[in-house]
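Residue-level listing of the chains:
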Amino acid sequence: MRATYEYVERKFNEYNALIFGGELKPLPIRIVRARSFLGQVAFKRKRNLLGGWHYYDFIFKISIMLDQEENVVEDTILHEMIHYYILSNQLQDTSPHGKFFRKMMTEINQRYNRNITISHSSTRKERESDTRQRQHLVCIARLTDGRVGMMVIAHSRLFEFWDKLPRLPLVDKCEWFTTFNPYFNRYKRSQSIRLYEFSQESIDEHLADAKPLVREGNTIMVARK
């Protein structure tokens, strides 16, 4: 599922009454399409005269980039509500997920049979639900033993890997492409060399609309037809 504003508001009010004793004040809720987080409590802060921070201007954000199971969405909302409780009560925790956060998380998990965690590892199904169009730089490495490897390259490492990959002992030939196919959203943009075994059928299917890249000196560009 992908949460709606109404859903997040309803769950916030429900959990506020059930778990937080109604202590949490209403705050702006934003439904966003963020890739870097599932949920977030945004805020401003300023230094206290006697040390520590004063937190204010809170915004509750839930990302709908990934299609998730409802229990994951619920636990994400609760995760962010713990942050909001700590920050709005001006508790100075030892870290973003410090002793106050972990104590509250453990108590809520045990008492209400939840599965709130510090971080969330997306499932294959969730990754496949990301249909945003983004530019990907893809290398197809044909190996000397007949296998084919695929790698999605971080933009900042393109020139470096363009030079390095063909020099690997098992690499016979490298082909480079740019594509906006959402299929490649499931792969991290590599900062180090890591090839995924790929079939020719997958190349034909997922790179059908890709544009080949060529290098001319210090410039990498789409190949001219």
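Our subject is the structure listed above.
Residues numbered from 1 in each chain as written. Predicted model: local features only at pLDDT ≥ 70, side-chain atom pairs only at ≥ 80, totals over all residues. Heavy atoms only, no water.

Visitor: It is not clear to me how the layout of surface pockets should be interpreted in this structure. Could you clarify?
Guide: In this approach the atoms are scanned with a rolling probe the size of a water molecule, which exposes any empty space left behind. The space that makes up the second largest pocket amounts to roughly 390 Å³. If you go around the second largest pocket, you meet 19 residues; those closest to its centre are F43, H83, L87, S95 and P96. At the level of elements, β2 (39-47), β3 (53-63) and α2 (70-88) are the ones that each hand at least two residues to the lining of the second largest pocket. For the lining of the second largest pocket, the per-class residue count stands at nine nonpolar, seven polar and three charged. (1 Å grid on protein atoms, 1.4 Å probe; cavity = no way out; pocket = protein on both sides within 12 Å on 5 of 7 lines; lining within 4 Å. Points joined across faces, edges and corners; volume = space filled by probe spheres on them. Helix = DSSP H or I, 4+ residues; strand = E, 2+ residues; numbered from the N terminus. Nonpolar A, V, L, I, M, F, W, Y, C, P; charged D, E, K, R; others polar.)

Visitor: I keep staring at the sheet that holds strand β1 (residues 29-32) and nothing clicks. Help me out?
Guide: The strand order across the open sheet built from three strands is β1-β3-β2, with neighbouring strands paired in mixed fashion. Since the sheet does not close on itself, it has two edges, and those belong to β1 and β2, each with one partner. Each strand of the sheet is rotated relative to its neighbour by a mean of 30 degrees, with strand direction disregarded. Relative to β3, β1 runs parallel, the two sharing four bridges. Bridging across to β3, V32 finds its partner in S63. Against the sheet, helix α1 (residues 5-18) makes contact with β1 and β3, and its axis sits at roughly 135 degrees relative to β1, the strand it touches most. Against the sheet, α2 engages β2 and β3, with an angle of about 170 degrees to β3. (Pairing = 2+ DSSP bridges. Axes fitted to C-alpha atoms, helices over the stretch in contact; angles between N-to-C directions. Contact = heavy atoms within 4.5 Å.)

Visitor: How do you make sense of the environment of P26 when you look at a structure like this?
Guide: Relative to the helices and strands, P26 is located in the loop between α1 and β1. Along the chain, P26 and I59 lie 33 residues apart, while their C-alpha atoms are 9.8 Å from each other.

Visitor: In this structure, what is going on with the state of the cysteines? I would like to understand it.
Guide: What we call a disulfide is simply a covalent bond connecting the sulfur atoms of a pair of cysteines. In this structure the tally under the stated criterion is zero disulfides. The thiol of C139 is not disulfide-bonded; the next cysteine sulfur, from C174, is found 4.0 Å away. The buried category is assigned to C174, whose relative accessible area is 18%. (Disulfide = S-S within 2.5 Å. Buried < 20%, exposed > 50% of the residue type's maximum accessible area, 1.4 Å probe, protein only.)

Visitor: What should I look at first to understand α2 in this one?
Guide: In an α-helix, one full turn covers 3.6 residues, which means residues spaced three or four apart are oriented alike. Here α2 is 19 residues long and its end C-alpha atoms lie 27 Å apart, about the 27 Å a rise of 1.5 Å per residue gives. α2 sits mainly inside the fold: 16 of its 19 residues count as buried. With its phi angle positive at about 55 degrees, Q90 sits one or two positions after the end of α2. (Expected span 1.5 Å × (residues − 1).)

Visitor: Would you take a moment to explain the packing of α2 against helix α3 (residues 99-112) for this structure?
Guide: Helix-helix packing is characterised by the crossing angle of the two axes and by the distance between the axes. Relative to each other, α2 and α3 sit at 135 degrees, their axes nearing to 10 Å. Classified by the angle between their axes, α2 and α3 sit oblique to one another. Crossing hand, α2 versus α3: right-handed. Touching H79, I82, H83, Y85 and I86 of α2 are F100, F101, M104, M105 and I108, all from α3. When the residues that make up the contact of α2 with α3 are grouped by side-chain class, the tally is eight nonpolar, two polar and no charged. (Parallel < 35°, antiparallel > 145°, perpendicular 65-115°, else oblique. Left-handed = near helix turned anticlockwise from the far one by under 90°.)

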